[in-house]
Amino acid sequence: MSKIRILSENVAVRIAAGEVIERPGSVVRELVDNSIDAGATRVAVRIERGGKSLIKVIDNGVGMSRDDLLLCTERHATSKIHDAEDLTAINSLGFRGEALASIAAVSRLSITTRQRDDLVGNRLIVFGGNIQKVEEVGTPEGTVVEVRDLFYNVPARKKFLRSPGVELNNVVDVFARLSLGFESIHFSLENEQKTILNLPPLPELIPRLAAILGRTTAEQMAFVSRNFPGTRVKAYLAPPDLARTRPDRLFVYVNRRNVRDKLVNKAVIEGYGGRLMKGVYPQAVVFIEIDAGLVDINVHPAKQEVRFQDPGALFKKIMQTVDEGLGNKIYSHAIAEQANDGGEISEPIQMNWGALATSTPAFISGSEAGVFKDHGPVQIFEEEVRVVGQLRNMYILCEGKDGLIIVDQHAAHERVLYESLMEGIRKGGLEIQRLLLPKTIELGIGEKRVLEEKGQTLADLGVEIEDFGGQAVLLRCVPSLLGNADWETLLPELVSALEQGRGERDVLMGEVASLMACHAAIRAGYPMSVEEMQTLLDQLSLASLPTNCPHGRPIFRKITYYELEKMFKRVV
Ligand code: ADP
Ligand code: MG
């Protein structure tokens with residue numbers, strides 16, 4: 001007797017439903033997608049118990065005829081594509097004709113709909129995939145879909161639903177993501193008759209971003225838009241300091257569809273580049289508009305992933321756009337703290353690194369440290385900035401146009417050294433200093449072998465080492481910039497960076513250079529004269545990324561005069 005049996009359509013459809021419909025949030029996504037595809041300008045979602053007992057979606061879209069209504073819960077019933085050819089350029093959110101069939105199979109579903117020119121509407125009721133009733137009803141133009149008791153007939157699935165609170169959070173997330181792609185549609189979401197989000201259409205996206213990401217974040221976002229042939233990239237970028245440990249606030253849209261795409265995420269992170277600490281994700285909303293023929297949406301059951309025809313080229317476009325959008329900004333202390341809404345926060349200062357004072361970089365010479373003299377303004381910001389002193393031998397304090405600017409001296413010098421090293425490597429003109437007394441340095445067993453294998457990177461950076469027998473090496477030459485570094489501790493660290501370093505030569509070079517810069521940079525605790533501080537700021541003004549040290553830590557902070565006035569209760 002044969003063991004294989006073909007599952008009945010009834011069972012098969014419930015299995016298939018599991019691919020598309022996992023939880024209330026997926027129902028919300030599919031139904032709102034349908035409302036958007038139906039050309040609605042108003043979409044209201046009402047749920048109960050986080051969507052576990054009720055999900056109701058009301059739209060004012062084109063509605064369905066009685067015939068279409070009868071067909072719409074069949075599998076592969078869609079009005080959006082006709083043949084395989086259409087799959088190559090999809091312009092709607094839906095196209096597989098699976099969602100309503102799946103939802104119908106695992107819930108008690110009711111769809112009420114009327115087309116504009118019809119006098120009367122129709123209601124279809126389906127329980128667990130079986131049509132119960134079709135009747136004529138009076139109803140406004142558009143469609144109302146009600147989904148009750150999700151998974152009532154699939155206990156195995158129902159068991160995996162979480163508490164109403166957790167499901168609600170997921171619905172809110174899904175809903176918020178969808179709404180950002182369609183700023184001209186009025187969206188609202190209610191749970192247990194309480195409004196959770198009400199997003200009227202506005203010409204600006206910022207208020208909607210504020211409702212979803214919080215006002216402080218939204219108001220600080222930089223906007224950038226760039227056109228490339230066949231592709232447009234638009235992005236709203238939160239300050240790097242507001243980055244999070246998870247990518248939950250990094251929203252990506254491809255032709256308005258919200259997707260989760262590792263490649264795009266990575267390109268955005270690369271665009272933030274050195275402004276971001278390692279291992280964190282920025283808060284950003286990125287819209288990619290691309291010829292429908294250059295992207296395949298038909299790769300994931302819930303249409304959450306896409307495949308690009310030329311991912312490498314797109315990666316670069318996104319990275320460039322993000323980098324350009326962020327520019328060089330000093331952020332207020334309040335932003336770093338992510339002050340809760342209420343306090344006004346002034347705009348970040350746009351630095352104008354073009355206007356510089358040229359001065360001789362005779363930096364770090366034993367000098368009249370700590371003696372304060374006013375040497376006039378330094379022209380590194382958009383306006384002139386005056387060095388007013390040093391705090392705790394750690395921070396350079398400057399008077400700016402709209403606030404007190406605090407500079408971390410170590411981080412600033414690190415950035416300067418790092419860029420000089422990298423520039424020297426690029427141009428091949430790194431200045432080398434021969435040590436008067438070569439240093440003997442003892443290495444560990446493994447370390448010496450690493451040097452033999454990967455020492456070339458160090459040689460390229462001007463570090464000349466000779467074997468000195470046993471575990472010792474003789475250090476003969478170092479880059480002049482790093483003359484002051486403590487090589488006994490630096491060299492073993494460089495060797496271990498080489499050992500762990502993987503990937504491209506440029507990346508490794510960057511890591512080694514940043515380690516060197518860190519060791520050679522002036523420490524916190526080093527007293528600086530006003531000239532030294534000014535010279536450092538001048539040099540920093542020439543850097544390509546003057547806002548962050550090579551590890552991503554900020555170099556500048558600002559306390560605005562407004563913040564100071566609040567502090568002293570001059571304003572309330
Ligand atoms: P798809 O969206 O992939 O076409 P669905 O199962 O989600 O598949 O929907 C099936 C069809 O039902 C759609 O193609 C559309 O014609 C119709 N439909 C569904 N929801 C609506 C709605 N809110 N307004 C108008 N028509 C709808
Ligand atoms: Mg659909």
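This text follows the structure it describes.
Reading the values: rules and limits
Each chain has its residues counted from 1, running along the sequence as written. Chain letters start at A and ligand numbers start at 1, both assigned in the order the entries are written. Restriction of local features to residues with pLDDT of at least 70 applies here, the model being predicted, together with a cutoff of 80 or more for giving and counting side-chain atom pairs; totals for whole chains, interfaces and linings are based on all residues. Processing note: side-chain calculations cover all non-hydrogen atoms of the structure and skip hydrogens and water entirely. Secondary structure elements are taken from DSSP: a helix is a run of H or I of four residues or more, a strand is a run of E of two residues or more, and numbering for both begins at the N terminus. When accessible area is computed with a 1.4 Å probe and restricted to protein chains, residues below 20% of their type maximum are described as buried, those above 50% as exposed, and intermediate ones as partly exposed. Only heavy atoms enter the contact rule, under which two residues are in contact if any of them lie within 4.5 Å. Only the protein chains shown count as cover for residues, with accessible areas throughout obtained via the Shrake-Rupley method and a probe of 1.4 Å. Think of it this way: one heavy atom of a residue within 4 Å of a molecule or strand is enough to make that residue near it. To get an axis, a line is fitted to the C-alpha atoms, and for a helix only the part in contact is used. The angle between two axes follows their N-to-C directions and goes from 0 to 180 degrees. The sense of a crossing depends on the near helix, which, turned anticlockwise from the far helix by less than a right angle, makes the crossing left-handed and, turned clockwise, makes it right-handed. Ten residue types, Ala, Val, Leu, Ile, Met, Phe, Trp, Tyr, Cys and Pro, are classed as nonpolar, four, Asp, Glu, Lys and Arg, as charged, and the remainder, Gly among them, as polar. For salt bridges, the criterion is a side-chain nitrogen of Lys or Arg within 4 Å of an Asp or Glu carboxyl oxygen. A pair of strands is labelled paired if DSSP reports no fewer than 2 bridges between them. Working definition: the arc comes from the directions between the helix axis and the C-beta atoms, pointing outward to the latter. Using protein atoms alone on a 1 Å grid, points that fit a 1.4 Å probe yet trap it form a cavity, whereas open point sets bounded by protein on both sides within 12 Å along at least five of seven lines form a pocket; residues with an atom within 4 Å of a point count as lining. Grid points are joined across faces, edges and corners, and a volume is the space filled by probe spheres set on the points. Throughout, the term roughly parallel applies to angles under 35 degrees, roughly antiparallel to angles over 145, roughly perpendicular to angles from 65 to 115, and oblique to all others. In this scheme, a helix's expected span is set at 1.5 Å multiplied by one less than its residue total. Classification of ring pairs uses Phe, Tyr and Trp, with its six-membered ring standing for Trp, and accepts pairs whose centres are within 6.5 Å; under 30 degrees between planes counts as stacked, over 60 as edge-to-face, and the remaining range as tilted. For a lysine, the NZ atom is tested; for an arginine, the CZ atom; a charge sits over a ring if that atom is within 6 Å of the ring centre and within 35 degrees of the ring normal. Only residues whose relative accessible area exceeds 30% and that form no salt bridge are eligible for patches; like-charged ones are grouped when within 9 Å, while nonpolar side chains (Val, Leu, Ile, Met, Phe, Trp, Tyr) are grouped when within 5 Å.

(A) Layout of the overall build of the protein chain. The secondary structure content of the protein chain amounts to 18 helices and 24 strands. Residue burial in the protein chain is summarised as follows: out of 572 residues, 49% are buried. Intrachain contacts of the protein chain at a sequence separation of at least 6 include 69% that bridge at least 24 residues. Carbon and sulfur atoms form 51% of the exposed surface of the protein chain, whose accessible area is close to 27,800 Å².

(B) The arrangement of the site of ligand 1 in detail. If you check the shell around ligand 1, you find 18 residues, and the closest are N34, T78, S79, K80 and G97. Coverage of ligand 1 by the protein chains reaches 94% of its 530 Å² of free accessible surface.

(C) Structural view of the packing of helix α13 (residues 445-454) against helix α15 (residues 487-500). Direction vectors running N to C along α13 and α15 enclose 65 degrees, while the axes themselves pass 9 Å from each other. Here α13 and α15 pass one another in a crossing that is left-handed. Touching E447, V450, L451 and K454 of α13 are P492, V495, L498 and E499, all from α15. Residue composition of the contact of α13 with α15, grouped by class: five nonpolar, no polar and three charged.

(D) Here's a closer look at the pattern of salt bridges. The final tally for this structure, using the stated rule, is 29 salt bridges. Of the charged contacts, one joins R426 and E423 as a salt bridge, the two residues approaching to 2.9 Å between their closest N and O atoms. Of this pair, R426 and E423 both sit in helix α12 (residues 409-427), three residues apart, roughly one helical turn. In this structure, the salt-bridge partner of R476 is E466, at a minimum N-O distance of 2.6 Å.

(E) Broad picture of the sheet that holds strand β1 (residues 42-48). The strand order across the open sheet built from eight strands is β5-β4-β3-β6-β2-β1-β7-β8, with neighbouring strands paired in mixed fashion. With partners counted over all chains shown, the strands left at the sheet margins are β5 (130-137) and β8 (194-199), one partner each. Each neighbouring strand pair of the sheet contributes to a mean axis angle of 10 degrees, computed without reference to strand direction. Pairing between strand β4 (residues 121-127) and β5: seven bridges, direction antiparallel. Bridge assignment links R123 to a residue of β5, and that residue is E135.

(F) Quick peek at α13. Within the sequence span of α13, burial applies to K448, V450 and L451. One side of α13 carries all its buried residues, which in axial view fall inside an arc of 155 degrees. Exposed residues on α13 whose side chains face more than 90 degrees from its buried face are I445, E452 and E453. In the core, the buried residues of α13 are packed alongside α14 (456-460), β22 (464-467), β23 (472-479) and α15.

(G) View of the layout of surface pockets. Of the pockets and cavities examined, the second largest pocket occupies roughly 690 Å³. As for the second largest pocket, its lining consists of 31 residues, and the residues nearest its centre are N34, M64, S79, K80 and L100. Every element with two or more residues in the lining of the second largest pocket is listed here: α2 (24-37), β2 (54-59), α3 (66-71), α4 (99-105) and β6 (142-148). When residues in the lining of the second largest pocket are grouped by element, the largest group, five residues, is from α2. Considered class by class, the residues forming the lining of the second largest pocket number 15 nonpolar, eight polar and eight charged.

(H) Layout of the environment of I196. Tracing the backbone shows I196 in strand β8. According to the relative accessible area criterion, I196 is partly exposed, its value standing at 33%. Remark: the alpha-carbon pair of I196 and A211, spanning 15 residues in sequence, is separated by 10.0 Å.

(I) Layout of the packing of α12 against helix α17 (residues 530-541). At a minimum axis distance of 9 Å, the contact between α12 and α17 shows a crossing angle of 45 degrees. When the axis of α12 is compared with that of α17, the two are oblique. Our pair here, α12 against α17, has a crossing hand that is left-handed. For the pair formed by α12 and α17, the contact residues are Q409, A412, H413, R415 and V416 on the first element and L536, Q539 and L540 on the second. The class makeup of the residues in the contact of α12 with α17 is four nonpolar, three polar and one charged.

(J) Structural context of the sheet that holds β23. What the three strands build is an open sheet, ordered β21-β23-β22; its pairing is antiparallel. Looking at which strands have only one partner, the edges of the open sheet turn out to be β21 (432-442) and β22. Averaged over all pairs of adjacent strands, the angle between strand axes in this sheet comes to 20 degrees, irrespective of strand direction. Summarising the sheet, β21 and β23 pair through seven bridges and their orientation is antiparallel.

(K) Region of the structure containing α17. Taking 1.5 Å per residue, twelve residues should reach 16 Å; α17 reaches 16 Å between its end C-alpha atoms and fits that length. Taken across its twelve residues, α17 has eleven buried, putting it largely inside the fold. Among the residues of α17, those classed as buried are V530, E532, M533, Q534, T535, L536, L537, D538, Q539, L540 and S541. Of the surrounding elements, those touching the buried residues of α17 are β18 (386-391), β19 (395-399), β20 (403-408), α12 and β24 (556-560).

(L) Molecular detail of the packing of aromatic side chains. The tally for this structure, following the rule as stated, stands at four aromatic pairs. Measuring from centroid to centroid gives 5.8 Å for F175 and F187, while their planes differ by 85 degrees, and the two rings are edge-to-face. Within this pair, whereas F175 is found in helix α6 (residues 164-180), its partner F187 is found in strand β7 (residues 186-191), the two being separated by twelve residues in sequence. Each member of the pair F175 and F187 is classed as buried. Over the ring of F127 we find R108, and its NZ or CZ is 5.5 Å from the ring centre.

(M) Up close: unusual backbone geometry. One non-glycine residue with positive phi stands out, namely F151, at about 65 degrees. The residue F151 is located in the loop between β6 and α5 (155-158) in this model. Judged by its relative accessible area of 1%, F151 is buried. In this structure, R256 is a non-glycine residue whose phi angle is positive, near 75 degrees. Take R256: its relative accessible area is 39%, and that puts it in the partly exposed class.

(N) Region of the structure containing a nonpolar patch on the surface. A contiguous nonpolar patch, built from L7, V11 and I15 and spanning about 270 Å² of accessible area, is present on the exposed surface. Here I15 shows up in helix α1 (residues 9-20).

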